[in-house]
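# Descriptive analysis of the structure
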Amino acid sequence: MPGVRIGHGYDVHRLTGGRRLILGGVDIPWEKGLLGHSDADVLTHAVMDALLGAAGLGDIGRHFPDTDPAYAGADSLKLLAHVVRLLAEQGYVVGNVDATVLAQRPKLASYIPRMRDNLARVMGIESSQVNIKATTEEGLGFTGSGEGMAVHAVALIEKG
Ligand code: MG
């Protein structure tokens, strides 16, 4: 189908003390935060990788290397804005995004509307075009033990 493309993104960050927990640009009060070179917003990272994947533009490691001091503590929403500009240069707009956050704790449901609003605003689309889900993994694996969080995302982009 010409003009419509799909992409997938996946990201993991370790949870640790002394860091903020930022998901979809929402600062969530919690005893641990996500470790990373940027603000470690694992949700926004997975969404960026889905968008870049859909456009055939590689991944965020290529565009925002974690060895580059320019991205230390970076606001991932600003990086997302850059990805949206890269897509626009190729003539693409975002159709919709769907993401699943894998986290044992904290409960994220009450923060999801603000995550949707943030991501939609930066992508230039309506909040209804961004779906975010959160699930535990039943105490299994690294998300279940609280060692980290993971996010899967898919995105559809289309010629604007
Ligand atoms: Mg990441």
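Refer to the structure printed above.
Just so we're clear, the structure is a prediction, and the values are computed from it rather than from any experiment.

## Describing the overall build of the protein chain
- Of the regular secondary structure elements, the protein chain holds five helices and seven strands.
- Going from N to C terminus, the protein chain has its helices and strands arranged as β-β-β-β-α-α-α-β-α-β-α-β.
- Judged by the C-alpha coordinates and their principal axes, the protein chain covers about 45 × 35 × 25 Å.
- Out of the 160 residues belonging to the protein chain, those deemed buried represent 47%.
- Contacts in the protein chain between residues far apart in sequence, at least 24 positions, make up 71% of those at least 6 positions apart.
- When the accessible surface of the protein chain is split by element, carbon and sulfur atoms take 52% of a total near 7,800 Å².
- One finds the centroid of the 15 positive side-chain charges in the protein chain at a distance of 2 Å from the centroid of its 18 negative side-chain charges.

## Some details on helix α4 (residues 112-123)
- The terminal C-alpha atoms of α4 lie 16 Å apart, and with 12 residues this matches the ideal 16 Å at 1.5 Å per residue to within 8%.
- Those residues of α4 that are buried are in contact with β2 (21-23), β3 (26-28), α1 (42-55), α3 (76-89), β5 (92-102) and β6 (130-135).
- Of the residues flanking the end of α4, it is G124, one or two places downstream, whose phi is positive at about 70 degrees.

## Focus on the pattern of salt bridges
- For the structure on display, the rule yields three salt bridges.
- Residues D27 and R20 are paired through a salt bridge, measuring 2.6 Å at the closest nitrogen-oxygen approach.
- In this structure, the salt-bridge partner of E31 is R105, at a minimum N-O distance of 3.7 Å. Of this pair, E31 sits in the loop between β3 and β4 (33-34) while R105 is found in the loop between β5 and α4, placing the two residues 74 residues apart along the sequence.

## Some thoughts on the coordination of the magnesium ion
- Note on the magnesium ion: its protein donors are D11 (OD), H13 (NE2) and H45 (ND1). The metal-donor distances range over 2.1 to 2.2 Å.
- Each donor residue of the magnesium ion belongs to the same chain, and together they define the spacing D-x1-H-x31-H. In this pair, D11 sits in strand β1 (residues 4-16) while H45 sits in helix α1, placing the two residues 34 residues apart along the sequence. Of the two residues, D11 and H45, neither departs from the other in class, the shared state being buried.

## With respect to a nonpolar patch on the surface
- A contiguous nonpolar patch, built from Y10, V12 and F142 and spanning about 240 Å² of accessible area, is present on the exposed surface.
- Looking at the element boundaries, F142 is found in helix α5 (residues 141-144).

## Some words on the pairing of β1
- Sheet topology note: the β1/strand β7 (residues 148-159) ladder contains 11 bridges and is antiparallel. Bridge pairing in β7 links H8 to V154.

## What about α1?
- For α1, built from 14 residues, the straight-helix expectation of 20 Å at 1.5 Å per residue is met to within 8% by its first-to-last C-alpha distance of 20 Å.
- With 13 of its 14 residues buried, α1 lies for the most part within the structure.
- Downstream of α1 by one or two residues, G56 has phi in the positive range, about 70 degrees.

## Points about the packing of α1 against α3
- For the pair α1 and α3, the least separation of the axes is 10 Å and the interaxial angle reads 10 degrees. What the angle tells us is that α1 and α3 run roughly parallel. Contacts from T44, H45, V47, M48, L51, L52 and A55 of α1 reach α3 at S76, L77, L79, L80, V83, L86 and L87.
- In the contact of α1 with α3, the residues fall into 11 nonpolar, three polar and no charged.

Definitions and limits used
- Residues numbered from 1 in each chain as written.
- Predicted model: local features only at pLDDT ≥ 70, side-chain atom pairs only at ≥ 80, totals over all residues.
- Heavy atoms only, no water.
- Helix = DSSP H or I, 4+ residues; strand = E, 2+ residues; numbered from the N terminus.
- Buried < 20%, exposed > 50% of the residue type's maximum accessible area, 1.4 Å probe, protein only.
- Contact = heavy atoms within 4.5 Å.
- Areas by Shrake-Rupley, 256 points an atom, 1.4 Å probe, with all protein chains shown as cover.
- Lys, Arg positive; Asp, Glu negative; His and termini not counted.
- Charge placed at Lys NZ, Arg CZ, Asp CG, Glu CD.
- Expected span 1.5 Å × (residues − 1).
- Salt bridge = Lys/Arg side-chain N within 4 Å of Asp/Glu carboxyl O.
- Donors = N, O, S within 2.8 Å, 3.2 Å for Na, K, Ca; no water.
- Patch = residues over 30% accessible without salt bridge, like charges linked within 9 Å, V, L, I, M, F, W, Y side chains within 5 Å.
- Pairing = 2+ DSSP bridges.
- Axes fitted to C-alpha atoms, helices over the stretch in contact; angles between N-to-C directions.
- Parallel < 35°, antiparallel > 145°, perpendicular 65-115°, else oblique.
- Nonpolar A, V, L, I, M, F, W, Y, C, P; charged D, E, K, R; others polar.

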